[in-house]
Amino acid sequence: QVQLVESGGGLVQPGGSLRLSCTYSSGSIFRINTMAWYRQAPGKQRELVASITSSGNTKYTDSVKGRFTISRDNAKNTVYLQMNSLKPADTAVYYCNRELPPRDWGTPWPSWGQGTQVTVSS
């Protein structure tokens with residue numbers, strides 16, 4: 001069973017930084033897939049934040065452009081999200097997974113991991 005394990009969240013003041021990590025248990029699948037970070041704030045729908053192809057091409061949602069950087073280490077089956085200049089609006093549970101269309105977010109494969117909580121507050 002493929003598993004996703006996110007880590008690195010925490011409480012940070014506005015303007016601070018965090019680096020999230022996500023480890024993917026199936027290397028062969030990880031390496032060929034576009035990987036993505038998603039987030040879900042209380043009472044809001046899940047949102048795709050950033051994605052990275054197997055060759056390293058990246059995309060970001062407008063609200064994080066210039067502040068967040070997604071990267072991947074295929075040798076370690078790990079994808080990262082460096083988050084700088086954090087804002088209270090970035091507060092959410094962050095998840096990683098393959099890049100999936102919204103229609104698949106309810107029952108994705110692989111299943112969502114436990115996520116990692118990011119709280120931006122003074």
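This is a predicted model, so every value here is computed, not measured. (Residues numbered from 1 in each chain as written. Predicted model: local features only at pLDDT ≥ 70, side-chain atom pairs only at ≥ 80, totals over all residues. Heavy atoms only, no water.)

Looking now at the state of the cysteines. By the definition in use, this model includes 1 disulfide. The disulfide bridge from Cys22 ends at Cys96, spanning 1.6 Å between sulfur atoms. Remark: Cys96 occurs in strand β9 (residues 92-98) and Cys22 occurs in strand β3 (residues 18-24); sequence separation between them is 74 residues. In this pair, the class of Cys22 matches that of Cys96, namely buried. (Disulfide = S-S within 2.5 Å. Helix = DSSP H or I, 4+ residues; strand = E, 2+ residues; numbered from the N terminus. Buried < 20%, exposed > 50% of the residue type's maximum accessible area, 1.4 Å probe, protein only.)

The full count for this structure, using the stated rule, is 5 salt bridges. The salt bridge involving Asp90 is made with Arg39; its shortest N-O contact spans 3.0 Å. With Asp90 in the loop between β8 (78-83) and β9 and Arg39 in strand β4 (residues 35-40), the pair connects residues that are 51 residues apart, well separated along the chain. Each member of the pair Asp90 and Arg39 is classed as buried. In this structure, Lys65 engages Asp62 in a salt bridge whose closest nitrogen and oxygen atoms are separated by 2.9 Å. We classify Lys65 as partly exposed; its relative accessible area is 49%. Residue Asp62 is classed as exposed on the basis of its relative accessible area of 61%. (Salt bridge = Lys/Arg side-chain N within 4 Å of Asp/Glu carboxyl O.)

So far we have only geometry, and geometry alone does not tell us how the molecule works.
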